[in-house]
Amino acid sequence: CGDVGGGAVGALVTLPIVLSCGVVYFQGLGPAFVAAGIGAAFVSAIVAALVAGLFGGPPLHVSSPKTSHAAILSGLIGTLASQRAFAEALPGPAAPGGLMAVCFIVLCVAALCQLLLGASRLGGLVKFVPYPVLAGIINGFALQIILGQLPNALGVETLAQVFAMLAGPAALHGWPLGLALFAGALVRLSERFGRGIPAALVGLLAGSLAYALAQRYVDAARLGPLIGQLPAGLALHFEVGRMLDFVATPAFQSHLFPIVATGITLAMISSIQSLLSMASADELFDSRHDSNRELLVQ
């Protein structure tokens, strides 16, 4: 019963994180790809939990996508999408598939880096990472996510419209901003005063309920858009051949350095966050984790 209850709580804690990751991943490609991002994030969370459980991950550590990882990948997608060489190599409808192939390749690079770190028994080096450096990196990701979500919070489509709104001539959309602040305030209050219920889940459920209630009295167009229809089920398409074809293109080869560098960055950030999280759990519960084994599991 304890394991089932703990697993249920872990799933509830992970749910809002997975949703937010799915929105951040491919939002730069357009609203039509948000559903694909959410589906990918759910698949990642399910596979990560199964692998960690089967191969002996730490019992107090929940493996799932993180918003910092989503910010790294979305930043790379935005950079590549703005490059002319990339657009010429993958024009029109082929571009999103190529960008998703890039994400897959970046994750493969990150996985190889973590395997090397774990096999070389270098996991213990994390204790020498300065906390101020880590705080700067994590806060940088937070600022990137905030800037990316400001248009949604203000009921507009682009960051340029946000700046125009702040300059004065554009009208402020009060309802989307009010709902965003309401959900954020609930998360903050739940963190301080809540007991046993994940704060992010409180914000997600109560904010969605407030939106549904407001729809009864306010025109839906003034409240901001919904995420949209999600696909029925989680469709898995194995397109390794298509990805290998993309690797052979000049567009990939000309952007090889940022792709590999992003994979290495993702591996380092993921490793540091996970190992520091487990170190904190060790202090709370007087336990001891194996850093190198955890890197191999990841």
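In the block above lies the structure referred to throughout.
Residues numbered from 1 in each chain as written. Predicted model: local features only at pLDDT ≥ 70, side-chain atom pairs only at ≥ 80, totals over all residues. Heavy atoms only, no water.

Peer 1: Summarise the overall build of the protein chain; cite the residues concerned and give the values.
Peer 2: When its secondary structure is counted, the protein chain shows 13 helices and zero strands. Relative to its full complement of 298 residues, the protein chain shows a buried share of 34%. Here the analysis covers contacts within the protein chain between residues at least 6 apart in sequence; of these, 68% occur between residues at least 24 apart. Here the protein chain displays about 17,500 Å² of accessible surface, and carbon together with sulfur accounts for 69% of that area. (Helix = DSSP H or I, 4+ residues; strand = E, 2+ residues; numbered from the N terminus. Buried < 20%, exposed > 50% of the residue type's maximum accessible area, 1.4 Å probe, protein only. Contact = heavy atoms within 4.5 Å. Areas by Shrake-Rupley, 256 points an atom, 1.4 Å probe, with all protein chains shown as cover.)

Peer 1: Could you give me a rundown of the environment of Gly-118, with the residues and numbers involved?
Peer 2: By the secondary structure assignment, Gly-118 is in helix α5 (residues 94-119). When the C-alpha atoms of Gly-118 and Leu-296 are compared, they prove to be 5.3 Å apart, with 178 residues separating the residues in sequence. Those residues in contact with Gly-118 that lie beyond four places of it in its chain are Asn-292, Leu-295 and Leu-296.

Peer 1: Please provide a residue-by-residue account of the packing of helix α8 (residues 174-193) against helix α9 (residues 199-215), values included.
Peer 2: Relative placement of two packed helices is described by the angle separating their axes and the distance separating the axes. Where α8 meets α9, the closest approach of the two axes is 8 Å, and the angle between their N-to-C directions is 150°. Comparing the axis directions of α8 and α9 gives the class roughly antiparallel. Here α8 runs over α9; the crossing is right-handed. Contacts between α8 and α9 pair Trp-175, Leu-179, Phe-182, Ala-183, Leu-186, Val-187, Ser-190 and Glu-191 from the former with Ala-199, Ala-200, Val-202, Gly-203, Ala-206, Gly-207, Ala-210, Tyr-211 and Ala-214 from the latter. (Axes fitted to C-alpha atoms, helices over the stretch in contact; angles between N-to-C directions. Parallel < 35°, antiparallel > 145°, perpendicular 65-115°, else oblique. Left-handed = near helix turned anticlockwise from the far one by under 90°.)

Peer 1: Run through helix α3 (residues 67-81), naming residues and quoting values.
Peer 2: When the terminal C-alpha atoms of α3 are compared, their 21 Å separation across 15 residues agrees well with the 21 Å that a helix rising 1.5 Å per residue should span. Turning to α3, its buried residues are Ser-68, His-69, Ala-70, Ala-71, Ile-72, Leu-73, Ser-74, Leu-76, Ile-77 and Leu-80. (Expected span 1.5 Å × (residues − 1).)

Peer 1: Tell me what's going on with a nonpolar patch on the surface, and back it up with residues and numbers.
Peer 2: A cluster of nonpolar side chains, Ile-46, Leu-50, Leu-54 and Phe-55, forms an exposed patch at the surface whose accessible area comes to about 460 Å². With respect to the helices, strands and loops of the structure, Leu-50 is situated in helix α2 (residues 34-54). (Patch = residues over 30% accessible without salt bridge, like charges linked within 9 Å, V, L, I, M, F, W, Y side chains within 5 Å. Salt bridge = Lys/Arg side-chain N within 4 Å of Asp/Glu carboxyl O.)

Peer 1: So what's going on with the environment of Ala-71? Which residues, and what values?
Peer 2: Tracing the chain through its elements places Ala-71 in helix α3. The buried category is assigned to Ala-71, whose relative accessible area is 1%. Along the chain, Ala-71 and Ile-145 lie 74 residues apart, while their C-alpha atoms are 6.4 Å from each other. Residues in contact with Ala-71, not counting those within four places in the same chain, are Val-24, Phe-141, Gln-144 and Ile-145.

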